[in-house]
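# Coordinates in review
Residue strings, one per chain:
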Amino acid sequence: MQRMRDVLRQSLGRSLERLNPLDRLIAAWPVAAGKSIAAHGTITALTGTVAHIHVEDPAWLTQMLSMRTALQHDLARIAAVPLTAIHFESAPPRKRPETKAP
């Protein structure tokens, strides 16, 4: 079963090659983290080799922090994006300034 998962992850990695690094990470996140964990975190940015993930509440933040090394490794491998760290934050994401139409 693990062998099949590895084959599927490699296949996903190849299909993401044409995307920019941030979009590759976003697409790979549910596969790397698993459906239930990914539902509680959102990749918001990539700064150099650091992925930024917004986590919806402190309980899930604790869970993701305990899995940081595995998440970083799997996410980097599947997305084919070099990652040196994952920065988790549980504060509400900043709102983008509204653009007013002329």
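Residues numbered from 1 in each chain as written. Predicted model: local features only at pLDDT ≥ 70, side-chain atom pairs only at ≥ 80, totals over all residues. Heavy atoms only, no water.

Moving on, we get to the overall build of the protein. Along the backbone of the protein there are five helices and three strands. Its helices and strands taken in sequence order, the protein reads α-α-α-β-β-α-α-β from the N to the C terminus. Counting only residues that meet the buried cut, the protein has 30% of its 102 residues in that class. For the protein, the accessible area works out to roughly 7000 Å², and carbon and sulfur atoms hold 58% of it. (Helix = DSSP H or I, 4+ residues; strand = E, 2+ residues; numbered from the N terminus. Buried < 20%, exposed > 50% of the residue type's maximum accessible area, 1.4 Å probe, protein only. Areas by Shrake-Rupley, 256 points an atom, 1.4 Å probe, with all protein chains shown as cover.)

Looking now at the sheet that holds strand β2 (residues 50-55). Here we have three strands laid out as an open sheet, ordered β1-β2-β3, and mixed in their pairing. Of all strands in the sheet, those with a lone pairing partner are β1 (41-47) and β3 (85-89), marking the two edges. Taking each pair of neighbouring strands and ignoring which way they run, the sheet shows an average axis angle of 25 degrees. Where β1 lies against β2, six bridges are found, and the strand directions are antiparallel. When the sheet's bridge partners are listed, Thr47 is paired in β2 with Val50. (Pairing = 2+ DSSP bridges. Axes fitted to C-alpha atoms, helices over the stretch in contact; angles between N-to-C directions.)

Looking now at the packing of helix α2 (residues 21-33) against helix α5 (residues 68-79). Contact pair α2 / α5: the axes reach a minimum separation of 8 Å and the direction vectors enclose 125 degrees. Here α2 lies oblique to α5, going by the angle between them. Considering how the two elements wind past one another, α2 and α5 form a crossing that is right-handed. Contact residues: α2 offers Arg24, Leu25, Ala28, Trp29, Val31, Ala32 and Ala33, while α5 offers Leu71, Asp74, Leu75, Ile78 and Ala79. Class assignment for the residues of the contact of α2 with α5 results in 10 nonpolar, no polar and two charged. (Parallel < 35°, antiparallel > 145°, perpendicular 65-115°, else oblique. Left-handed = near helix turned anticlockwise from the far one by under 90°. Contact = heavy atoms within 4.5 Å. Nonpolar A, V, L, I, M, F, W, Y, C, P; charged D, E, K, R; others polar.)

A few words now on unusual backbone geometry. Residues other than glycine seldom take positive phi values, yet Ala80 does so here, at roughly 55 degrees. Following the sequence through the fold, Ala80 ends up in the loop between α5 and β3.

In summary, soluble globular proteins display a tendency toward joint burial of nonpolar side chains. In terms of nonpolar packing, the biggest core is built from 23 residues, with Leu25, Trp29, Leu75 and Phe88 touching the most fellow members. Put simply, the parts of the chain that give this core at least two residues each are α2, α3 (35-38), β2, α4 (58-66), α5 and β3. (Core = buried A, V, L, I, M, F, W, Y, C linked by side-chain atoms within 4.5 Å.)

What follows covers the side chain of His52. Turning to its location among the elements, His52 is positioned in strand β2. The contact partners of His52, leaving out residues within four places of it in the chain, are Thr42, Ile43, Thr44, Ala45, Leu46, Thr47 and His87.

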